[in-house]
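Descriptive analysis of the structure
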Amino acid sequence: MEIAVPDIELPMIVYVDEDEDAREDFYIDAKKSGMFGDVVILSPEPLISDMLDLLLNMNFDALVSDFRLSDASPVEYSGTDLVDAFLAIRSDFPCFIRTSYDNDALHASNDVNRVYSKGTKAGEQVERSLLERISLQIERHRKHMLEWCEELDDILKIDRAKLSALQIERIVELDGKIEAHLGADVPVAVEAKKALLSGDFAEKQHELMVETERLIAEMKQALDE
C-alpha cells in the first residue's frame, strides 16, 4: 500500500511497516505535523533485496521503519536489518526505527539514537519528537550536501592545469563523501584517484573531473526534486 501527496517544497519521507493500521496512523501524524510534503507508506517486500531495490529506485529524504516487520507479514528481516542494508549503500542517510519492542530494538540496532518507541503514555509527544528529529536530520543531511557541492564548484572553477596536489586530494575526498551519500552507480575509479594523488595527472585528471561534475549534477537534482 502506498499513499503520497505531492509537495515540491517539503521533504519526502518513507515509512515501512507490516501493519496497515500502523502505516495509516504514521501517515496521518506525519501529515498533521506540517513538516513533510510527500509521505509514502509501504508494506515490506518478502525479500530484503527486493525491498532495497524498491527504496533505491525512489527519491526521498528519510527512511523510517518498524522494527518487527515479520509480526504480520512473511519476511525474514527486521527494520534494523533494512536500515543497516540501506545505510551500507547510502551512508549517513537519515534513517529511523519505530518499535513497540524497545529493548530488543535497542540491542539489535547499530545506533540506539535511531530507535524510537511507539507505545508510551505520552505517545503524541514521543511521536512529535520523532518527527522533529526526522526533520532536523533531513535539514542536516541537505546542508552537508550543499556545502560539499559549493566547495566542489569553487575548486572546479580553477584552471585544471593549475590545481595543486592539496586541491586534487580535496576533490577526491569530497567525491567520496558525495558517492557515499548518493549511492553513486558509477563512482569515480579508485585507480583514477590514486593516479591523481601520485602525480599521474595527464592520464587521469580529465576522467576524475568529468565524473566529479556528474556527481555534482546528480546531487543538485536530488536536492531540488
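Structure: see above.
What comes next concerns the included structure. Remember, predicted model here, so these are calculated numbers, not experimental data. (Residues numbered from 1 in each chain as written. Predicted model: local features only at pLDDT ≥ 70, side-chain atom pairs only at ≥ 80, totals over all residues. Heavy atoms only, no water.)

**Quick notes on the sheet that holds strand β1 (residues 13-16)**
Read from one edge of the open sheet, five strands run β2-β1-β3-β4-β5, paired in parallel fashion. Every other strand in the sheet has two partners, leaving β2 (39-42) and β5 (115-117) as the edge strands with one partner each. Adjacent strand axes in the sheet meet at a mean angle of 20° when their direction is disregarded. Taken together, the four bridges between β1 and β2 define a ladder with parallel strand orientation. Within the sheet, the bridge partner assigned to I13 lies in β2 and is V39. Packing against the sheet, helix α1 (residues 20-33) makes contact with β1, β2, β3 (62-66) and β4 (95-99), and its axis sits at approximately 170° to β2. Along the sheet, helix α3 (residues 79-89) contacts β1, β3 and β4; its crossing angle with β4, the most-contacted strand, is approximately 180°. (Pairing = 2+ DSSP bridges. Helix = DSSP H or I, 4+ residues; strand = E, 2+ residues; numbered from the N terminus. Axes fitted to C-alpha atoms, helices over the stretch in contact; angles between N-to-C directions. Contact = heavy atoms within 4.5 Å.)

**Describing the pairing of β3**
Within β3, five of the five residues are buried, which leaves it mostly tucked inside the rest of the structure. Residue alternation in β3 divides its side chains into two sets, A62, V64 and D66 and L63 and S65, and both sets are buried. Judged from the four bridges that link them, β1 and β3 form a sheet pairing that is parallel. Along β3, the bridge assignment pairs V16 with S65. (Buried < 20%, exposed > 50% of the residue type's maximum accessible area, 1.4 Å probe, protein only.)

**Notes on the pattern of salt bridges**
All chains considered together, the criterion is met by six salt bridges. A salt bridge links E147 to K143; the shortest N-O distance between them is 2.6 Å. With E147 and K143 both in helix α5 (residues 123-156), this residue pair falls four residues apart, about one helical turn. Since its relative accessible area comes to 35%, E147 is described here as partly exposed. Between R170 and E151 there is a salt bridge, with its nearest N and O atoms 2.7 Å apart. In this pair, R170 sits in helix α6 (residues 165-182) while E151 sits in helix α5, placing the two residues 19 residues apart along the sequence. On the accessibility criterion, R170 (23% relative accessible area) is partly exposed. The class of E151 is partly exposed, set by a relative accessible area of 27%. (Salt bridge = Lys/Arg side-chain N within 4 Å of Asp/Glu carboxyl O.)

**Some words on the pairing of β1**
Alternating residues of β1 divide into I13 and Y15 and V14 and V16, and every residue in both groups is buried. Crossover β1 to β2 through α1 is right-handed. (Right-handed = clockwise from strand over helix to strand, strands pointing away.)

**Regarding the environment of I178**
Note on placement: I178 falls in helix α6. The exposure class of I178 is buried, given its relative accessible area of 0%. When the C-alpha positions of I178 and R90 are compared, they lie 9.7 Å apart, and in sequence the two are 88 residues distant.

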